[in-house]
Amino acid sequence: MSSFKCEPHTFSVAIVLIVLLLNPREGLCSCYKRIFSFGDSAIDTGNFVHLIGNAKSKYTELPYGMTFFKHATGRVCDGRVLIDFYAEALQLPLIPPYLPKKDSGEFSHGANFAVAGATAEGLNYTGPLLNDTVGLLWSLGMQMDCAKEKFLHDSLVVMGQIGGSDYDSWFNAGGSRDDIKYIIPDVIAYISHFIEYLILYNGGKAFVIPNSFPMGCLASYLSKFHSDNPNDYDEHGCLKWLNEVSQKHNQALQWEVARLRVYHPGVKLIYADYYGAAMEFVKNPGRFGIGDPLVACCGGDGRYHTGKECNSTAKVWGDPSSFANWDGMQLTEKAYSIIAQGVLNGSFADPPFMQGC
């Protein structure tokens, strides 16, 4: 079995400037020669499956990868994930996962350090939370430790999506819905710490900082936290209290980005509103050719198709392009493409991507 092992020394990184949108039809200008990214399963392009070596994983088998690639690639999706769409917009090849090539040093177009299951925090929470090594091994800090000197001055850095696995770990460890609000400041602090470290010690000048997806609209959570009280759901069928967790995370992150802008006025910090972009297809799925945005495309029976985990024996309920949710927790390529376009070409980036190239 492979191991995700990096020396815990300072990570030397140099990053400059961000992306310009020439025209929605023409894509982005190529002022960035590389992309480097950190995060979790929303952008992992194969680090997790490399990490587990020869161990069996559903992510190495169809139906994962069934649409764009026609075979499993280690992405936790039916096709492309968010970082793939950013690379295409910058007219770059798809960004390779770091671990399979870490000894070769071949990162001419960048590298992706994201690992499925990665957390923002690298230490166990106080209280009845993580009691395993997931957060320690795959945390944002460890990913950045592995980066070391792989960044170059003409690179774009994408900081996530990160944080969702922290909240999922809270629930899996028996944490309550009422007390989850107490860990949000810790999650935000870790994200902010690593951004500021890169600014202060590695000359970072440009960051894309995504917020949290609407967790209350994810099929697995809708099934796990099913309620017979209709007041627990909003008009779209999402769990209100769980979306409020996402909103509190996002508000805290937005405030932190604003603080960083004050203290580092020469740094470009783009706040990417994944929550708002995702709610577009939740509110009006037909506009995007999506049926029910709350049900999983791959899985089993039940209201949200979550009666069975998505694997090679699971049921695929139809063309993934007509679904927003892929396997209960992760989104489809179609959903990721909508979110990416909302950030790149739409109004879900502050400041807009077209500024500053």
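Residues numbered from 1 in each chain as written. Predicted model: local features only at pLDDT ≥ 70, side-chain atom pairs only at ≥ 80, totals over all residues. Heavy atoms only, no water.

As annotated in an unreviewed UniProt entry, the chain carries the name GDSL esterase/lipase and is attributed to Urochloa decumbens.

**Student:** Hey, could you go over the environment of histidine 109 for me, with residue numbers and the actual values?
**Tutor:** If you trace the backbone, histidine 109 turns up in the loop between helix 2 (82-89) and strand 4 (110-112). For histidine 109, a relative accessible area of 33% translates into the label partly exposed. For the pair histidine 109 and phenylalanine 36, spaced 73 residues apart in sequence, the C-alpha to C-alpha distance is 8.5 Å. If we ignore the near neighbours within four places in the chain, the residues touching histidine 109 are Lys33, Arg34, Ile35, Leu92, Pro93 and Ile95. (Helix = DSSP H or I, 4+ residues; strand = E, 2+ residues; numbered from the N terminus. Buried < 20%, exposed > 50% of the residue type's maximum accessible area, 1.4 Å probe, protein only. Contact = heavy atoms within 4.5 Å.)

**Student:** Quick one: what's the story with the layout of surface pockets, residue by residue and with numbers?
**Tutor:** Approximately 750 Å³ is the volume attributed to the largest pocket. Listed by contribution, the elements that provide at least two residues to the lining of the largest pocket are helix 3 (134-138), helix 5 (164-172), helix 7 (219-224) and strand 8 (298-299). Element by element, the count of residues in the lining of the largest pocket is highest for helix 5, at five residues. In the lining of the largest pocket, the residues fall into 17 nonpolar, 14 polar and seven charged. (1 Å grid on protein atoms, 1.4 Å probe; cavity = no way out; pocket = protein on both sides within 12 Å on 5 of 7 lines; lining within 4 Å. Points joined across faces, edges and corners; volume = space filled by probe spheres on them. Nonpolar A, V, L, I, M, F, W, Y, C, P; charged D, E, K, R; others polar.)

**Student:** Quick one: what's the story with the nonpolar core, residue by residue and with numbers?
**Tutor:** Counting 114 residues, the largest nonpolar core has Ile35 and Phe281 as its most contacted members. A total of eight residues in this core trace back to one element, the largest contributor, which is helix 6 (residues 184-202). Not counting residues up to four positions away in its chain, the partners in contact with isoleucine 35 are Ile83, Tyr86, Ala87, Leu90, Leu92, Ile95, His109, Gly110, Ala111, Leu156 and Val158. (Core = buried A, V, L, I, M, F, W, Y, C linked by side-chain atoms within 4.5 Å.)

**Student:** Tell me what's going on with the state of the cysteines, and back it up with residues and numbers.
**Tutor:** Summed over the entire model, instances satisfying the criterion amount to two disulfides. Across the disulfide, cysteine 217 is cross-linked to cysteine 238 (sulfur-sulfur distance 2.1 Å). Because the sign of the S-S torsion sets the handedness, a value of about 110° for the bond joining cysteine 217 and cysteine 238 places this disulfide among the right-handed ones. Placement of cysteine 217 in the loop between strand 6 (206-210) and helix 7 and of cysteine 238 in the loop between helix 7 and helix 8 (240-263) is noted, with a sequence separation of 21 residues between them. Here cysteine 298 pairs with cysteine 310 through a disulfide, and the sulfurs are 2.0 Å apart. Handedness here is read from the sign of the S-S torsion; for cysteine 298 and cysteine 310, about 90°, the answer is right-handed. Residue cysteine 298 is found in strand 8, and its partner cysteine 310 is found in the loop between strand 8 and strand 9 (315-316); the two are separated by 12 residues along the sequence. For the residue pair cysteine 298 and cysteine 310, the accessibility class agrees, reading buried in each case. (Disulfide = S-S within 2.5 Å.)

**Student:** Describe helix 9 (residues 274-283), naming the residues involved and giving the relevant values.
**Tutor:** Taken across its 10 residues, helix 9 has eight buried, putting it largely inside the fold. Among all positions of helix 9, only Tyr274, Tyr275, Gly276, Ala277, Ala278, Met279, Phe281 and Val282 are buried. On the buried face of helix 9, the contacting elements are helix 2, strand 6, helix 8, strand 7 (268-272) and helix 10 (333-344).

**Student:** Help me get a handle on empty space enclosed by the protein, residues and values and all.
**Tutor:** For the structure shown, the criterion picks out one cavity of 30 Å³ or more. Estimates place the volume of the largest cavity at around 80 Å³. Along its surface, the largest cavity is lined by Phe213, Pro214, Cys217, Leu218, Ala278, Phe281, Val282, Pro293, Ala324, Asn325 and Leu331. Here the lining of the largest cavity is composed, by residue class, of 10 nonpolar, one polar and no charged.

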